[in-house]
Amino acid sequence: MLPPFAGVIGAVARYEADFSLNVALTGDRAEVIDYTVDYFNDPLTFCTTKPRLLNQSLALIKPFQPMVWAGFLIVLVAMGLFYHAACIVAQPLKTLNPAPKDTSPSFSQTFLKIFGACLSQGFHWSEADGPRVLVVTWIIFSLVTLTSYVAMLTASFTLPTLSPTLNTLEQLVESDFSWGIQDQGAADYQLLKSSQVPLYQKVYKGLKVCPSLDECLIMARDTKYAFITWRLYMEDRIAIRFTSVTGERQLHVATTDFVHADIAWAMNPGCPFRKKFSQQIRRLLEAGIISKWLSQIINDPTRRQAIDTEETRQEGQLQPLGLGQLQGVFYILMIGNAAAFLLFTEELFMHSP
């Protein structure tokens, strides 16, 4: 004996209502009410907060992978040594052709010249043929490297890196998000509760109920909470209350679905009009009118009543760079000043009379 149903299913089963729209077909419901032919297949899915901007403190080094940076530093030091050695070797040869005055630079001067070339700085280089060849190859290497770095850095500021999104149940249960549904008596709750699939059982055990549809969506938008419900039901409400006038959604809807359910009208047991209703629904399905209606309703911009947020208020405006994007530059400045202070202190004590 099935327990008595509450809500609209109970009202239809007890003849307190003639029919109910948009009801998911389940086996236990079919024993107490009659259904029309199903007219839509609506799967369960979930929504979460939109991808957030990741920390930009390392924006200055993100254009290159760690191996590229390591290779660049090795080449920089090696090139300084090679150029310094080439200048020393070429110095005795200048006695044969002493036209220009050219003294061999110290290693620190050589290294600064090599590093300065990476930043497109001009210097007086050795006029000997050997060092010249090294300088030309290094300038070409520096030009390509610097151009690539600037292009990638500009792209990272223009399209900053976002946090990853959750699109599958496997990703959801392995994340630090909580999840829940709106109504414990609805079909989605019953389907997860009765499922024998281990993944669905794990989802069922972690369910947290939220009070209303809008509150569930707000929790998903503002916190680490995933709201599970029927895709059409969710996307319709997001289109009305959580989509800006430019069509920008305030939530991320998962790209995968699970637990598909057929949607139909619920009618009194033995209702004589059920076949007539089913016949008309079939005609609408064959003509493609139902799918067209659903698409038009969800995408109708006149229905939007988006809740105003700081993000929607800034849409379409040029966003200036903030400290989050440029804090790496300040870190470099502080590190450089600290290093200069230490060197100054060392020189003050070591070379003072």
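Look a little higher up for the structure.
The model shown is predicted, which means the values in this text are computed figures rather than measured ones.

Asks: So what exactly am I meant to see when it comes to the state of the cysteines here?
Replies: Among covalent bonds in proteins, the disulfide is the one between the sulfur atoms of two cysteines. With the rule as written, the count across this model stands at one disulfide. Between the sulfur atoms of Cys-210 and its disulfide partner Cys-216 the distance amounts to 1.7 Å. Every disulfide takes its handedness from the sign of the S-S torsion; for Cys-210 and Cys-216 that torsion is 100°, giving right-handed. Since its relative accessible area comes to 2%, Cys-210 is described here as buried.

Asks: Whenever I open this one, the side chain of Glu-235 confuses me. Can you help?
Replies: By the element assignment, Glu-235 lies in helix H10 (residues 231-241). Relative accessible area serves as the criterion here: at 17%, Glu-235 is assigned to the buried category. Aside from chain neighbours lying at most four places away, what touches Glu-235 is Arg-249, Val-253 and Ile-298.

Asks: It is not clear to me how the packing of aromatic side chains should be interpreted in this structure. Could you clarify?
Replies: The description of an aromatic ring pair uses the distance of the two centres, along with the angle that the planes make with each other. Under the counting rule described, the total for this entry stands at 11 aromatic pairs. Ring centres of Phe-64 and Trp-69 lie 5.4 Å apart, and the angle between their planes is 55°; this geometry places the pair in the tilted category. Relative accessible area serves as the criterion here: at 15%, Phe-64 is assigned to the buried category.

Asks: When you look at the packing of helix H11 (residues 274-287) against helix H12 (residues 289-298) in this model, what are you seeing that I'm missing?
Replies: For any two helices packed against each other, the geometry is given by the interaxial angle and the distance between the axes. At a minimum axis distance of 5 Å, the contact between H11 and H12 shows a crossing angle of 70°. Regarding the angle of H11 to H12, the classification is roughly perpendicular. Residues Ile-281, Leu-284, Leu-285 and Ala-287 of H11 touch H12, and the partners they reach there are Ile-289, Ile-290 and Trp-293. Of the residues in the contact of H11 with H12, the class split is seven nonpolar, no polar and no charged.

Asks: How do you make sense of the nonpolar core when you look at a structure like this?
Replies: Where a protein is soluble and globular, its nonpolar side chains tend to be buried together. Counting 28 residues, the largest nonpolar core has Phe-46, Leu-172, Trp-179, Val-203, Leu-207, Ile-228 and Phe-258 as its most contacted members. When residues in this core are grouped by element, the largest group, four residues, is from strand E8 (residues 258-267). Excluding its chain neighbours within four sequence positions, the residues that come into contact with Trp-179 are Leu-172, Val-173, Lys-202, Val-203, Gly-206, Leu-207, Lys-208, Tyr-225, Ala-226 and Ile-228. Counting 13 residues, the second largest nonpolar core, distinct from the first, contains Cys-47, Cys-216, Ala-220 and Met-234.

Asks: Please explain a nonpolar patch on the surface as it appears in this structure.
Replies: Judged by side-chain polarity, Val-329, Phe-330, Tyr-331, Met-334 and Ile-335 come together as a nonpolar surface patch covering roughly 520 Å² of accessible area. By the element assignment, Ile-335 lies in helix H14 (residues 323-350). With a relative accessible area of 60%, Ile-335 lands in the exposed category.

Asks: Would you mind going over H10 with me for this structure?
Replies: Counting along an α-helix, one turn takes 3.6 residues, and residues three or four places apart therefore face a common direction. Counting buried residues along H10, eight of its 11 residues qualify, which places the element largely inside the surrounding structure. Among the residues of H10, Arg-231, Leu-232, Met-234, Glu-235, Ile-238, Ala-239, Ile-240 and Arg-241 are the ones counted as buried. Contacts from the buried residues of H10 go to strand E3 (40-49), helix H9 (213-222), strand E6 (225-230), strand E7 (251-253) and H12.

Asks: Any chance you could explain the pattern of salt bridges here in plain terms?
Replies: A pair can form between side chains of opposite charge whenever their charged atoms are brought close. Scanning the entire structure with this criterion turns up nine salt bridges. Taking the shortest distance from any N to any O, the salt bridge between Asp-214 and Arg-241 comes out at 2.9 Å. With Asp-214 in helix H9 and Arg-241 in helix H10, this pair connects stretches of sequence that are 27 residues apart. A salt bridge links Glu-235 to Arg-231; the nearest nitrogen and oxygen atoms lie 3.1 Å apart. Here Glu-235 and its partner Arg-231 are both found in helix H10, four residues apart, which amounts to about one turn of the helix. For the pair Glu-235 and Arg-231, a shared accessibility class is recorded, and that class is buried. Taken together, the shared-partner salt bridges connect Arg-231, Glu-235, Arg-249 and Asp-257 into one network.

Asks: Would you take a moment to explain the layout of surface pockets for this structure?
Replies: Unfilled space is identified by rolling a water-sized probe across the atoms. A volume near 1,200 Å³ is recorded for the largest pocket. Taken together, 41 residues form the lining of the largest pocket, with Leu-21, Asn-22, Val-23, Ala-24 and Trp-230 sitting closest to its centre. Among the residues making up the lining of the largest pocket, the classes are represented as 27 nonpolar, eight polar and six charged.

Cut-offs used in this document
- Residues numbered from 1 in each chain as written.
- Predicted model: local features only at pLDDT ≥ 70, side-chain atom pairs only at ≥ 80, totals over all residues.
- Heavy atoms only, no water.
- Disulfide = S-S within 2.5 Å.
- Buried < 20%, exposed > 50% of the residue type's maximum accessible area, 1.4 Å probe, protein only.
- Helix = DSSP H or I, 4+ residues; strand = E, 2+ residues; numbered from the N terminus.
- Contact = heavy atoms within 4.5 Å.
- Phe/Tyr/Trp six-rings, centres within 6.5 Å; stacked < 30°, edge-to-face > 60°.
- Axes fitted to C-alpha atoms, helices over the stretch in contact; angles between N-to-C directions.
- Parallel < 35°, antiparallel > 145°, perpendicular 65-115°, else oblique.
- Nonpolar A, V, L, I, M, F, W, Y, C, P; charged D, E, K, R; others polar.
- Core = buried A, V, L, I, M, F, W, Y, C linked by side-chain atoms within 4.5 Å.
- Patch = residues over 30% accessible without salt bridge, like charges linked within 9 Å, V, L, I, M, F, W, Y side chains within 5 Å.
- Areas by Shrake-Rupley, 256 points an atom, 1.4 Å probe, with all protein chains shown as cover.
- Salt bridge = Lys/Arg side-chain N within 4 Å of Asp/Glu carboxyl O.
- 1 Å grid on protein atoms, 1.4 Å probe; cavity = no way out; pocket = protein on both sides within 12 Å on 5 of 7 lines; lining within 4 Å.
- Points joined across faces, edges and corners; volume = space filled by probe spheres on them.

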